[in-house]
Amino acid sequence: MEAATMAWTAAVVGVGLVYWFVWVMGAAEVKGKRAVDLKMGSITNDKVQDKYTQYWSFFRRPKETATTAASAEKVPAFVDTFYNLVTDIYEWGWGQSFHFSPSLPGHSHRDATRVHEERVADLLGAKPGHRLLDVGCGVGGPMRAIAAHSGSDVVGITINEYQVNRARAHNRKAGLDARCEVVCGNFLSMPFPDASFDGAYSIEATCHAPRLQDVYGEVFRVLKPGGLYVSYEWVTTSLYRGEDSEHVECIHGIERGDALPGLRRQDEIASIAKEVGFEVVKEQDLALPPALPWWTRLKMGRIAYWRNSLVVRVLTLLRIAPKGVAEVHEMLYETAQHLTKGGETGIFTPMHMVLLRKPASAAEEAK
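Attention here is on the structure that accompanies the text. Fair warning: this is a prediction, and the values are worked out from it, not measured in the lab.

## Structural notes on the packing of aromatic side chains
Turning to step 1, where the next piece is worked out: With the rule as written, the count across this model stands at 19 aromatic pairs.
Turning to step 2, where the next piece is worked out: Taking the centre distance of 5.5 Å and the plane angle of 90° together, the rings of Tyr-216 and Tyr-229 count as edge-to-face. Remark: Tyr-229 occurs in strand 5 (residues 223-236) and Tyr-216 occurs in helix 7 (residues 212-222); sequence separation between them is 13 residues.
Turning to step 3, where the next piece is worked out: Assessed through its relative accessible area of 0%, Tyr-216 is described here as buried.
Turning to step 4, where the next piece is worked out: With a centroid separation of 6.4 Å and 85° between ring planes, the pair formed by Tyr-216 and Phe-278 is classed as edge-to-face. With Tyr-216 in helix 7 and Phe-278 in the loop between helix 9 (269-275) and strand 7 (279-285), the pair connects residues that are 62 residues apart, well separated along the chain. An identical accessibility class is assigned to Tyr-216 and Phe-278; each is buried.
Turning to step 5, where the next piece is worked out: An aromatic cluster is defined as three or more aromatic residues linked by ring pairs; in this entry it consists of Tyr-55, Phe-58, Phe-59, Phe-78, Phe-82, Tyr-83, Tyr-90 and Phe-98.

## Some thoughts on the state of the cysteines
Turning to step 1, where the next piece is worked out: By the definition in use, this model includes 0 disulfides.
Turning to step 2, where the next piece is worked out: Unpaired in terms of disulfides, Cys-137 finds its nearest cysteine sulfur in Cys-184, a separation of 9.4 Å.

## Quick notes on helix 12 (residues 325-345)
Residues three or four positions apart in an α-helix share a direction because the helix packs 3.6 residues into each turn.
Turning to step 1, where the next piece is worked out: The end-to-end C-alpha distance of helix 12, which contains 21 residues, comes to 31 Å, matching closely the 30 Å that a straight helix rising 1.5 Å per residue would cover.
Turning to step 2, where the next piece is worked out: In the stretch just after helix 12, Gly-346 is the one whose phi turns positive, near 80°.

## Comments concerning unusual backbone geometry
Excluding glycine, residues mostly carry a negative phi; peptide bonds, for their part, are mostly trans.
Turning to step 1, where the next piece is worked out: The step from Pro-289 to Pro-290 runs through a cis peptide bond, and the omega angle for that step is 15°.
Turning to step 2, where the next piece is worked out: Among the secondary structure elements, Pro-290 is positioned in the loop between strand 7 and helix 10 (296-300).
Turning to step 3, where the next piece is worked out: Residue Ala-195 is not a glycine yet carries a positive backbone phi of 50°.
Turning to step 4, where the next piece is worked out: Phi is positive for Arg-319, close to 65°, though the residue is something other than glycine.
Turning to step 5, where the next piece is worked out: The topology assignment puts Arg-319 in the loop between helix 11 (302-317) and helix 12.
Turning to step 6, where the next piece is worked out: Assessed through its relative accessible area of 77%, Arg-319 is described here as exposed.

## Let's talk about the environment of Glu-283
Turning to step 1, where the next piece is worked out: Within the fold, Glu-283 resides in strand 7.
Turning to step 2, where the next piece is worked out: A residue is classified by how much of its surface remains accessible, and Glu-283, at 36% relative accessible area, is partly exposed.
Turning to step 3, where the next piece is worked out: Spatially, the C-alpha atoms of Glu-283 and Met-353 are 5.6 Å apart, while their sequence positions differ by 70 residues.
Turning to step 4, where the next piece is worked out: Among the polar contacts listed, one links the side chain of Glu-283 to the side chain of His-352, at a separation of 2.8 Å.

## Digging into the side chain of Arg-144
Turning to step 1, where the next piece is worked out: Along the polypeptide, Arg-144 turns up in helix 5 (residues 141-150).
Turning to step 2, where the next piece is worked out: At 2.8 Å, the side chain of Arg-144 forms a polar contact with the side chain of Asn-171.
Turning to step 3, where the next piece is worked out: When residues no more than four places from it in sequence are discounted, the contact partners of Arg-144 are Gln-96, Val-139, Ala-167, His-170, Asn-171, Ala-174, Leu-176 and Cys-180.

## Remarks on the nonpolar core
Turning to step 1, where the next piece is worked out: Counting residues in each nonpolar core, the largest one holds 41 residues, and the members touching the most others are Tyr-201, Trp-234, Ile-254, Trp-294 and Phe-348.
Turning to step 2, where the next piece is worked out: Contacts of Trp-294, omitting those with residues within four sequence positions, involve Phe-100, Ser-101, Pro-102, Ala-287, Leu-339, Gly-343, Phe-348, Pro-350 and Met-351.
Turning to step 3, where the next piece is worked out: One finds Tyr-55, Phe-58, Tyr-90 and Val-312 within the second-largest nonpolar core, a separate group that totals 30 residues.

## Points about the environment of Val-230
Turning to step 1, where the next piece is worked out: Along the polypeptide, Val-230 turns up in strand 5.
Turning to step 2, where the next piece is worked out: On the accessibility criterion, Val-230 (0% relative accessible area) is buried.
Turning to step 3, where the next piece is worked out: Separated by 125 residues in the primary sequence, Val-230 and Leu-355 place their C-alpha atoms 4.6 Å from one another.
Turning to step 4, where the next piece is worked out: Residues contacting Val-230, with those up to four places away along its chain left out, are Val-120, Leu-123, Leu-124, Ala-200, Tyr-201, Ser-202, Met-353, Val-354 and Leu-355.

## Side note on the environment of Ala-121
Turning to step 1, where the next piece is worked out: Counting through the fold element by element, Ala-121 comes out in helix 4 (residues 109-124).
Turning to step 2, where the next piece is worked out: Here Ala-121 is in contact with Ala-126, Ile-146, His-149 and Ser-150, once residues within four sequence places are set aside.

## What to know about the packing of helix 4 against helix 5
Turning to step 1, where the next piece is worked out: At a minimum axis distance of 9 Å, the contact between helix 4 and helix 5 shows a crossing angle of 55°. Comparing the axis directions of helix 4 and helix 5 gives the class oblique. Helix 4 and helix 5 meet at a crossing whose hand is right-handed. The residues of helix 5 that touch helix 4, namely those facing Glu-117, Glu-118, Val-120, Ala-121 and Asp-122, are Gly-141, Pro-142, Ala-145, Ile-146, His-149 and Ser-150.
Turning to step 2, where the next piece is worked out: When its residues are assigned to classes, the contact of helix 4 with helix 5 shows 5 nonpolar, 3 polar and 3 charged.

Cut-offs used in this document
- Residues numbered from 1 in each chain as written.
- Predicted model: local features only at pLDDT ≥ 70, side-chain atom pairs only at ≥ 80, totals over all residues.
- Heavy atoms only, no water.
- Phe/Tyr/Trp six-rings, centres within 6.5 Å; stacked < 30°, edge-to-face > 60°.
- Helix = DSSP H or I, 4+ residues; strand = E, 2+ residues; numbered from the N terminus.
- Buried < 20%, exposed > 50% of the residue type's maximum accessible area, 1.4 Å probe, protein only.
- Disulfide = S-S within 2.5 Å.
- Expected span 1.5 Å × (residues − 1).
- Polar contact = N/O pair within 3.5 Å; in protein donor to acceptor, adjacent residues only side chain to side chain.
- Contact = heavy atoms within 4.5 Å.
- Core = buried A, V, L, I, M, F, W, Y, C linked by side-chain atoms within 4.5 Å.
- Axes fitted to C-alpha atoms, helices over the stretch in contact; angles between N-to-C directions.
- Parallel < 35°, antiparallel > 145°, perpendicular 65-115°, else oblique.
- Left-handed = near helix turned anticlockwise from the far one by under 90°.
- Nonpolar A, V, L, I, M, F, W, Y, C, P; charged D, E, K, R; others polar.

These figures come from the coordinates and say nothing about function on their own.
Here you go:
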């Protein structure tokens, strides 16, 4: 009888733990994605493994992915695949804002994220009546924060249809669907008229472009003359050494695991902006002191990783999650280690900020 009671107790505890980890534990920042709801975007369950294999084959040598026009043309499709594979995992384990932010003493990661996003609105001088463009909006976390903080209307563009639907659902839930619009499209060729936005921003998104000139050129086109554009860029810093094998592996690891056709150097950004016609108003690495480490959150998440890894493998075994999810989760964990190392060594920053202006004279030149 005693053995039966112990067995029954163990079973109840086991079921309770499974319920807690799988059904109760939601996203790290915002509940709304449970482990049992994980999808791979618009990829059907039977295609997940194949799509992951194709993605990994394309990006396994990052510097070779955009060396020819033919390979560069394939990048957007593989970026779309990447976000099909990772969007739900990001929401589940990170939140609705797919970017980093400096840590703030005494504040949660969610608060630090909001402050980092609101800084964009402040730099743009955004206010009610303005129409802003979010270049690479993801599921719209920054869009909603910026719209709420500034009172501006925001239009976001993302290449991934699944993210469009997620963003629209979040906008409705937040009561911001009248001010936040989401469009599916490629930011290298945007479906917007010339001079149709008062301001624009991109938060850790343009790193997916094979040529930064192309996306900056499109932003320049759709901005009104005199309009401002803020971008947080992923770049290697002056501390990066191409002859250091550890540096090279760290950066390649970041590129492989984040669908990047090759990180640009920090000192390239301003010159590229000027090349397409922008005036550089301000340039600053927001990761430098007195800012606190942005990678702290990655290091603190190791226990959560082991928990989530266990959950993902169990769900895959039970066929609740599609085959291939565990491999994607493992890829993201390995990428997090490279990101952490890049931050600790100072050879990489995800928040090199540039504030750019389209000259007012562009109106006359366009006539």
